[in-house]
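Structural features, examined
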Amino acid sequence: MIVYLLCFTLFLVGLYGVLTQRNLVKIVIGLSIMEISIFLFFTLIGYIQGAAAPIVVRGQVETQFVDPLPQAMVLTAIVIALATNAMLLSIAIRLYRKYKTFDIREMRSLKG
Amino acid sequence: METPISILLGFMIIGAIYSLSARDLLSAVISVGIVGYSLVICFLLLKAPDLAIVQIVVETITLVIMIAVVLDSTRIIRPQKAKGFVYFRYALSLAVIVIFAGVLLYMWSAPDLLQVFGDHTTRMSTAYIENAANATGSANLVTGVLFDFRGYDTLGEATVLFTAVVGVVTILRLKGKK
Amino acid sequence: MSEIVKTVTKIIVGVIFIYGLYIIVHGHLTPGGGFAGGAVLAGAFVLLVLAYGSPETKLKSQKEYPAIFESLSLLAFLVLASIGIGLGIKVFFNNYLPKGIVGDLVSAGNIPLYNMAIGIEVAAAMFAIILALIIYKEEARE
């Protein structure tokens, strides 16, 4: 049970980073920490003690397998996370070119 | 299996806290690599080799992208002078986090939902495990679920990936098309 | 980059590329599949670009190709899936090719073809992102 609690703690650390940091790159880092904790949580849900990886070997009579459904969902989510992180970072670098800073406060003061 | 994953999660939390509090952006980006690469080991311990292969490559490419963004900017974060509004902001974010923690702990208190490494928790899993190999003919059950039972999911993922790449290329274009 | 990095890259890039193709083709038998193999292929391209830099590989003139490959592979995925509407039990994503024996290389009906389409798409997408970033940084420097 301690594993799920630590997973939640990792999620909350990421949330704290998103809420309090003022640097755009730090905000993206906080988002990616939240994503990673969610991936780990999904995989933990599917794990069964003593089960085998979900691959059928020819000639081997059926043993107990790990749940393949959360793994399939996390597999797609990892690739999406890369693409969305790259999109956020490209927005950040575009803003850096305009304002010469990553700080969101100075961007607000330069508005207009 | 619970102890090694707990230790790895402790390392991940320490790395996350350090990377959020570092003054240098480059060291922050590198120490978020701790979190990603520990996740690879966790996937291997949790019997998910497909995810481990994907995550180790994706984490490397993410690091390359982040370092490319950070390298030609002002890396050092200047400490901010505290204005009157700052404490209210910190209090507000701490309140949000406490409320979130309360909601998550309430969710966690449902004991039959989250048994540690016990039986299958998703309702469809036994049907998938029994039928996937024979119905799809694929020895790798994850691939069978991904491309046959959950084909719409994969199609949506491919669409999102395509859209994100189009967005990146559009945002990063400097010269307009004639 | 220095000469050592270039030489090592020249030796190692082909091996990484072949490994990515292996992961894609054997996706229905061993761990891996389209997503993992596509990521490995993209890693090979990224290593090549990082080691050799822009002027020798002429990146700017080739920046259209990843987008073309990505669109074509997504189109192939859609066409393969929608052929299933016309055959058999008339369902989208119908697995209409013969299944074969579980564990053979040529088995599992459509799944190897889906794997190839998704693998090319993921590789082209990741390489397009890196390429856009590098070209942006070059243009911003001028």
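Residues numbered from 1 in each chain as written. Chains lettered and ligands numbered in written order. Predicted model: local features only at pLDDT ≥ 70, side-chain atom pairs only at ≥ 80, totals over all residues. Heavy atoms only, no water.

Thoughts on the overall build of chain B
- A count of helices and strands for chain B gives seven helices and zero strands.
- Counting from the amino terminus, chain B carries its helices and strands in the arrangement α-α-α-α-α-α-α.
- Buried residues in chain B amount to 46% of all 178 residues.
- Within chain B, counting contacts between residues at least 6 apart in sequence, those at least 24 apart form 47% of the total.
- For chain B, the computed accessible surface area is about 9,100 Å², with 70% contributed by carbon and sulfur atoms. (Helix = DSSP H or I, 4+ residues; strand = E, 2+ residues; numbered from the N terminus. Buried < 20%, exposed > 50% of the residue type's maximum accessible area, 1.4 Å probe, protein only. Contact = heavy atoms within 4.5 Å. Areas by Shrake-Rupley, 256 points an atom, 1.4 Å probe, with all protein chains shown as cover.)

Structural notes on the interface of chain A and chain C
- Between chain A and chain C, the contact holds eleven residues from the first and twelve residues from the second.
- The contact between chain A and chain C buries some 1,000 Å² in all, and 76% of this surface belongs to carbon and sulfur atoms.
- For the pair chain A and chain C, the number of links is zero salt bridges.
- Taken together, the connections running from chain A to chain C amount to zero residue pairs in polar contact (both at pLDDT 80 or more).
- When the residues that make up the side of chain A that touches chain C are grouped by side-chain class, the tally is seven nonpolar, one polar and three charged. (Buried area = accessible area lost by both parts, 1.4 Å probe. Salt bridge = Lys/Arg side-chain N within 4 Å of Asp/Glu carboxyl O. Polar contact = N/O pair within 3.5 Å; in protein donor to acceptor, adjacent residues only side chain to side chain. Nonpolar A, V, L, I, M, F, W, Y, C, P; charged D, E, K, R; others polar.)

Points about helix α1 (residues 3-25) of chain C
Residues and elements named next belong to chain C.
- With 23 residues, α1 extends 34 Å between its outermost C-alpha atoms, agreeing within 8% with the 33 Å of an ideal straight helix rising 1.5 Å per residue.
- Roughly 30° is the biggest bend found in α1, and it falls at I12.
- Those residues of α1 that sit buried are K6, T9, V13, G20, I23 and I24. (Expected span 1.5 Å × (residues − 1). Bend = angle between axes of the 7 residues up to and from the residue.)

Things to note about the nonpolar core
- In terms of nonpolar packing, the biggest core is built from 114 residues, with I29 and L40 of chain A, M12 and I65 of chain B together with M126 of chain C touching the most fellow members.
- Considering every element that reaches this core, the biggest residue donor is helix α3 (residues 68-99) of chain A, with 14 residues.
- One finds F65 of chain A together with I129, A133 and L141 of chain B within the second-largest nonpolar core, a separate group that totals five residues. (Core = buried A, V, L, I, M, F, W, Y, C linked by side-chain atoms within 4.5 Å.)

Considerations on the packing of helix α2 (residues 24-46) of chain A against α3 of chain A
All names here are of chain A.
- Two elements in contact, α2 and α3, have axes whose closest approach is 10 Å; the angle formed by their N-to-C orientations is 180°. Classified by the angle between their axes, α2 and α3 sit roughly antiparallel to one another. Residues L24, V28, L31, S32, E35, F39, F42, T43 and G46 of α2 form the contact with α3, whose participating residues are P70, V74, A77, I78, A81, T84, N85, L88, L89, A92 and L95.
- Across the contact of α2 with α3, the residue classes break down as 14 nonpolar, five polar and one charged. (Axes fitted to C-alpha atoms, helices over the stretch in contact; angles between N-to-C directions. Parallel < 35°, antiparallel > 145°, perpendicular 65-115°, else oblique.)

Observations regarding the interface of chain B and chain A
- Residue-level contacts link 87 residues of chain B with 72 residues of chain A.
- Across the chain B/chain A interface, buried area totals approximately 7,900 Å², and carbon plus sulfur atoms make up 76% of it.
- Taken together, the connections running from chain B to chain A amount to zero salt bridges.
- Applying the counting criterion to the chain B and chain A interface returns five residue pairs in polar contact (both at pLDDT 80 or more).
- At the level of secondary structure, the elements contributing two or more residues to the side of chain B that touches chain A comprise α1 (2-21), α2 (25-45), α3 (49-71), α4 (86-108), α5 (125-136), α6 (141-149) and α7 (151-171) of chain B.
- Tallied by class, residues from the side of chain B that touches chain A come to 59 nonpolar, 18 polar and ten charged.

Some points on α3 of chain A
- Between the first and last C-alpha of α3 of chain A there are 47 Å, a value that for 32 residues agrees with the 46 Å anticipated at 1.5 Å per step.
- Capping the start of α3 of chain A is the job of one residue whose side-chain oxygen sits 3.4 Å from the backbone nitrogen of L69 of chain A: D67 of chain A.

Points about the state of the cysteines
- Inspection of every chain in the model, using the stated rule, returns zero disulfides over all chains.
- Free of any disulfide, C7 of chain A has its nearest cysteine sulfur in C42 of chain B, 8.6 Å distant.
- Residue C7 of chain A is classed as buried on the basis of its relative accessible area of 2%.
- The buried category is assigned to C42 of chain B, whose relative accessible area is 0%. (Disulfide = S-S within 2.5 Å.)

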